[in-house]
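Given next are the chains, with one letter for each unit.
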Amino acid sequence: MNTKVPPLIAFVHRWLDSDVGHSFRTTPTAIVAAVIAFVCLFCAVFAPWVAPHNPFDLATLELSNARLPPAWSEGGVSQFLLGTDDQGRDILSALMYGARISLAVGLASVVLSVVIGVSFGLLAGFLGGWVDAFLMRLCDVMLSFPAILVALLIAGVGRALFPNAHETLAFGVLILSITLTGWVQYARTVRGSTMVERNKEYVQAARVTGVAPLRIMRSHVLPNVMGPVMVLATIQVATAIITEATLSFLGVGAPPTSPSLGTLIRVGNDYLFSGEWWITIFPGAMLVLIALSVNLLGDWLRDALNPRLR
């Protein structure tokens, strides 16, 4: 009797049997990085159910539990495995909730950067002429400023214009500030690939048959230029998360009521030299783990999608 295989399991089997899946199965570094990234993502997404405490519930916080060391150290309490911060919040729970915010901001900014950058890159590479010249000069202007400086400027202006804004608007300004510094690389990458693809036979045939330019870009050119974009987006997730942490560390990132990893590092930095090292070391280690695992996955994906490197 034949049993129907669920679509998800069938998709996983097909992917593992593909060239990219075989490359993944034979690359221990990619497997370890994927496991670390999955664990971090799982703990962040399901933080309300996985975290032992709710670090932002003021009714459960007690100042008598402030700055407790990790459970294995002298004076530690088993209730707080990684210790507590200056307000008595459980560090382990704060890491899960903080990673949730950092990952959400990083992923949202990368998705928005991809949409803007790929759209501009397709237009510049396919149309050429003054459109290409204008968009590339705009990219040059954006690249002439340090990315963190532009993000600081946008985040600072947004906070000045909306001092009493809701948290959602504050996160929107933060995502926008990171997006405005990240779309340029996608635009330049897609432009170069599009300029190669637009002169190939299948694009010329589509033009001769009267297919609209917008449809050619969407249906013919776009699928063939998304390989480099996928690799760049994977690597840029780590960059966006670090940028968000930097802005939060400088005090213009996530709001204090919903601290991210950068905010937790900034809070712990005030106590680093007074002996409470765990308040800043553990958030910093979490940030390094996320960024390193994503970067390693990006390096593997770059090699897996490039036949010359196999």
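Residues numbered from 1 in each chain as written. Predicted model: local features only at pLDDT ≥ 70, side-chain atom pairs only at ≥ 80, totals over all residues. Heavy atoms only, no water.

Comments concerning the overall build of the protein chain
Where we set the bar: Only DSSP runs of H or I with at least four residues qualify as helices, and only runs of E with at least two residues qualify as strands; both kinds are numbered from the N terminus onward. Think of it in three bands: residues with accessible area under 20% of the maximum for their type are buried, residues over 50% are exposed, and the middle band is partly exposed, with areas taken using a 1.4 Å probe on protein chains only. Any two residues whose heavy atoms approach within 4.5 Å are treated as being in contact. The method behind every accessible area is Shrake-Rupley, applied with a 1.4 Å probe, and residues are considered shielded solely by the protein chains displayed.
When its secondary structure is counted, the protein chain shows 13 helices and zero strands. Listing the helices and strands of the protein chain from first to last along the sequence gives α-α-α-α-α-α-α-α-α-α-α-α-α. The principal-axis extent of the C-alpha atoms belonging to the protein chain is close to 75 × 65 × 35 Å. Put simply, the protein chain has 310 residues, and 42% of those count as buried. Of all intrachain contacts in the protein chain linking residues separated by at least 6 positions in sequence, the fraction that spans at least 24 positions is 70%. For the protein chain, the accessible surface area stands at approximately 16,700 Å², while carbon and sulfur atoms represent 67% of it.

Brief notes about the side chain of glutamate 276
Selection criterion: Charge counting treats Lys and Arg as positive and Asp and Glu as negative, with His and both chain ends excluded. Basic side-chain nitrogens of Lys or Arg form a salt bridge, by our definition, when they fall within 4 Å of a carboxyl oxygen of Asp or Glu.
Relative to the elements of secondary structure, glutamate 276 occurs in the loop between helix H12 (261–269) and helix H13 (278–304). Buried and unpaired, glutamate 276 has no salt bridge, with arginine 67 as the nearest side chain of opposite charge at 4.1 Å. With near-sequence residues (within four places) excluded, glutamate 276 lies in contact with Arg67 and Tyr271.

Notes on empty space enclosed by the protein
Using a probe with the size of a water molecule, rolled over the atoms, empty space left in the structure can be pinpointed. The cut-off we apply is this: Cavity: a set of points on a 1 Å grid over the protein atoms alone where a 1.4 Å probe fits but cannot get out. Pocket: an open set with protein on both sides within 12 Å along at least five of seven lines, its lining residues, like those of a cavity, having an atom within 4 Å of a point. Grid points are joined across faces, edges and corners, and a volume is the space filled by probe spheres set on the points. For this scheme, ten residues count as nonpolar: Ala, Val, Leu, Ile, Met, Phe, Trp, Tyr, Cys and Pro. Four count as charged, namely Asp, Glu, Lys and Arg, and the remainder, Gly too, count as polar.
A complete count under the given rule lists one cavity of 30 Å³ or more for this structure. Approximately 40 Å³ is the volume attributed to the largest cavity. In terms of lining residues, the largest cavity is bounded by Asp85, Ile91, Ala94, Leu264, Val267, Ile279 and Pro283. Elements with a contribution of two residues or more to the lining of the largest cavity: helix H5 (91–127), H12 and H13. Counted by class, the lining of the largest cavity contains six nonpolar, no polar and one charged residues.

Some words on helix H6 (residues 129–143)
Quick reminder of the rule: Under the convention used throughout, the expected extent of a helix is 1.5 Å for every residue step, that is, one less than its residue count. Each direction from the helix axis to a C-beta atom contributes to the arc, which is the arc of those directions.
In this model, H6 (15 residues) spans 21 Å end to end at C-alpha, consistent with the 21 Å of a helix rising 1.5 Å per residue. Those residues of H6 lying buried are Val131, Asp132, Leu135, Met136 and Cys139. Along the axis of H6, the buried residues cluster in a sector spanning 115°; they form a single face. Exposed side chains of H6 directed beyond 90 degrees from the buried face belong to Gly129, Trp130 and Phe134. Elements in contact with the buried residues of H6: H5 and helix H9 (183–197).

Remarks on the nonpolar core
Applied cut-off: Note on terminology: a nonpolar core comprises buried Ala, Val, Leu, Ile, Met, Phe, Trp, Tyr and Cys residues joined through side-chain atoms within 4.5 Å.
Counting 52 residues, the largest nonpolar core has Leu261 and Ile290 as the members making the most contacts within it. For leucine 261, the residues in contact, after removing those within four places along its chain, are Leu95, Gly98, Ala99, Ser102, Pro283, Met286, Leu287 and Ile290. Formed by eight residues, the second largest nonpolar core is a distinct cluster that contains Ala124, Val131, Met136 and Val184.

Some points on H9
The end-to-end C-alpha distance of H9 is 21 Å, a good match for the 21 Å that 15 residues give at a rise of 1.5 Å each. Burial in H9 covers these residues: Trp183, Val184, Tyr186, Ala187, Val190, Ser193, Thr194 and Glu197.

Considerations on the packing of helix H11 (residues 213–249) against H12
For clarity, the cut-off: Only C-alpha atoms enter the line fits that serve as axes; for helices the fit covers just the stretch in contact. Angles between N-to-C directions range over 0 to 180 degrees. In this scheme, roughly parallel covers angles under 35 degrees and roughly antiparallel covers those over 145, while 65 to 115 is roughly perpendicular and the rest are oblique. Two helices crossing with the near one rotated counterclockwise from the far one by less than a right angle form a left-handed crossing, whereas a clockwise rotation gives a right-handed crossing.
Axis separation between H11 and H12 bottoms out at 7 Å; the angle between their running directions is 40°. Relative to H12, the element H11 lies oblique. As for the relative orientation of H11 and H12, their crossing is right-handed in sense. Two secondary-structure elements touch here, H11 through Ala245, Ser248 and Phe249 and H12 through Gly262, Thr263, Ile265, Arg266 and Asn269. Looking at side-chain class alone, the contact of H11 with H12 contains three nonpolar, four polar and one charged residues.

A short note on the confidence of the model for the protein chain
The line we're drawing: Per-residue confidence from the predictor is reported as pLDDT, a score between 0 and 100.
Summarising the model, the protein chain shows a mean pLDDT of 83, and 91% of its residues fall at 70 or more. For the protein chain, helix H1 (residues 7–17) is the element with the lowest average pLDDT, namely 68, and helix H3 (residues 28–45) is the one with the highest, namely 91.

Let's talk about the pattern of salt bridges
For the structure on display, the rule yields seven salt bridges. With its nearest N and O atoms 3.2 Å apart, the salt bridge here joins lysine 200 to glutamate 197. The exposure class of glutamate 197 is buried, given its relative accessible area of 11%. Aspartate 299 is paired through a salt bridge with arginine 302; the nearest N and O atoms lie 3.9 Å apart. Of this pair, aspartate 299 and arginine 302 are both found in helix H13, three residues apart, which corresponds to roughly one turn of the helix. Its relative accessible area of 41% is what places arginine 302 among the partly exposed residues. Here the salt bridges share partners, and the residues they tie into one network are Arg137, Asp140 and Arg188.

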